[in-house]
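The chain contents come next:
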Amino acid sequence: MKELTEQSYTRADHQFMARALQLAAKGLYTTDPNPRVGCVIVRYDQHAEGQVVGEGFHLRAGEPHAEIHALNAAGVKAEGATAYVTLEPCSHTGRTGPCAVALAEANIARVVVAMVDPNPCVSGRGIKRLRESGIQVDVGLLEQDARVLNPGFISRMQHKRPFVRLKMAMSLDGRTAMGSGESQWITGPEARSQVQRLRARSSAILSGVESVIMDDSRLTVRADQLGLDNADTISQRQPLRVILDSRLRLPLAAACLREPGRTLIITTEHHSEEKRQKLKAAGADIKVLPAAQEGRIDLTDMLNWLAEHELVNELLVETGATLAGALLDANVVDELQLFVAPTLLGGEARPLFALPGMTRMADQKRLTIKEIRAVGNDWRIIAKPCTD
């Protein structure tokens, strides 16, 4: 069946899909590891004027999907109506029933889908099931907007690794801390609030053991810094804390081991079994992965393992120059969020990245700037590494 182009949809189609995307964004901090999805059900009268009869969004894994919430709100008015859904309705039974079947049983006449499910195991099956039920299905309206909502879910399904977002805070001269390691605080409270929101939307927060030791990092979502009305509810779900520690140097008294949620230490086989057992007793989970060059953790293997075994969609990296540089060097960073403070730390301060082997201009890693925006007295730069 020939799909509609973006220009073929009506103004009303755009309006109601935009509303569905707004609804999907309500699950930004809660749906993990499921995708963020919104649904709007609209009845059209003889003059083609649409009336919303049901809305819904997916709140958290294990609870009803967006389509079910919208169908329950619409009731009998769903018959003959149009459903706008930001992600292809599911066709399989998990902890909830298949939404494609529910839409068909409600006698929906048309379903407009923003994007096909990126999961190769089920991609297209929900659309096929709807069409086999005699429902008109149009796909692709505001697809790019829908993809922006779920970069991690898409990455995990299509590339078998998380979407890696590297967050760094720096001075105007590109420094992250004084030579002594002192770093609190470079940026202001507004920037720190934005970082808390990045943490809250992430499945996991990754750091290197050196950074955790230096700052005694908690790596948690803190409700008092989120600046959101439902901050207390959001902070109840703490992202997985992942610490790369090839030699198990994390102190037993580390603050992150006493915080709510899980702390996962990823290490190699070259360490003391006694220290391993002590860290477990202190509250850490430990995963041993094969060592790569110089006994270090293979970053690609680590990311693949997190996607497969911990269902990590979006991974927020908060670390120092060495690990940040290694991730960039391995070409596994999808997005950089750089918070720039209007201050100077001087030449003895610590650099932003330690990138090995860069001796010529031809070695430079170029970035594409996606956004620059003021955040309080600081600036936030969102950039993407160039792949050419």
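To keep things clear, this report deals only with the structure shown in the data block. (Residues numbered from 1 in each chain as written. Predicted model: local features only at pLDDT ≥ 70, side-chain atom pairs only at ≥ 80, totals over all residues. Heavy atoms only, no water.)

### With respect to the overall build of the protein
Working step 1: The secondary structure content of the protein amounts to 13 helices and 16 strands.
Working step 2: The principal-axis extent of the C-alpha atoms belonging to the protein is close to 70 × 45 × 40 Å.
Working step 3: Burial status across the protein gives 49% buried among its 388 residues.
Working step 4: Contacts in the protein between residues at least 24 apart in sequence constitute 70% of all its contacts with a sequence separation of at least 6. (Helix = DSSP H or I, 4+ residues; strand = E, 2+ residues; numbered from the N terminus. Buried < 20%, exposed > 50% of the residue type's maximum accessible area, 1.4 Å probe, protein only. Contact = heavy atoms within 4.5 Å.)

### Focus: the sheet that holds strand 5 (residues 136-139)
Working step 1: In spatial order, the strands read 2-1-3-4-5; together these five strands make up an open sheet with mixed pairing. Looking at the sheet topology across the chains shown, the edges are occupied by strand 2 (50-57) and strand 5. In this sheet, adjacent strand axes meet at a mean angle of 15° when their direction is disregarded.
Working step 2: Relative to strand 4 (residues 110-113), strand 3 (residues 82-85) runs parallel, the two being bridged by four bridges. Looking across to strand 4, one finds that Tyr84 is bridged to Val112.
Working step 3: Its contacts with the sheet put helix 1 (residues 11-24) on strand 1 (38-44), strand 2, strand 3 and strand 4, and the angle it makes with strand 1 is roughly 150°.
Working step 4: Strands strand 1, strand 2 and strand 3 of the sheet are contacted by helix 2 (residues 66-74), whose axis makes an angle of about 135° with strand 2. (Pairing = 2+ DSSP bridges. Axes fitted to C-alpha atoms, helices over the stretch in contact; angles between N-to-C directions.)

### Some thoughts on the pattern of salt bridges
Working step 1: Following the criterion strictly, the structure yields 23 salt bridges and no others.
Working step 2: The partner of Arg249 in a salt bridge is Glu210, and the shortest N-O contact between them spans 3.1 Å. Within this pair, whereas Arg249 is found in the loop between strand 9 (240-244) and strand 10 (263-267), its partner Glu210 is found in helix 8 (residues 209-215), the two being separated by 39 residues in sequence.
Working step 3: Given a relative accessible area of 44%, Glu210 falls into the partly exposed group.
Working step 4: Put simply, Arg36, Arg165, Arg201, Glu314 and Glu335 are held in one network by salt bridges that share partners. (Salt bridge = Lys/Arg side-chain N within 4 Å of Asp/Glu carboxyl O.)

### Notes on the environment of Asp378
Working step 1: Here Asp378 is to be found in strand 16 (residues 378-385).
Working step 2: With 188 residues separating them along the chain, Asp378 and Glu190 place their C-alpha atoms 8.2 Å apart.
Working step 3: In this structure Asp378 touches Thr187, Gly188, Ala191, Val340, Ala341, Pro342 and Arg373, once residues within four positions along its chain are discounted.
Working step 4: Here Gly188 takes part through its backbone nitrogen, which lies 2.8 Å from a polar atom of the side chain of Asp378. (Polar contact = N/O pair within 3.5 Å; in protein donor to acceptor, adjacent residues only side chain to side chain.)

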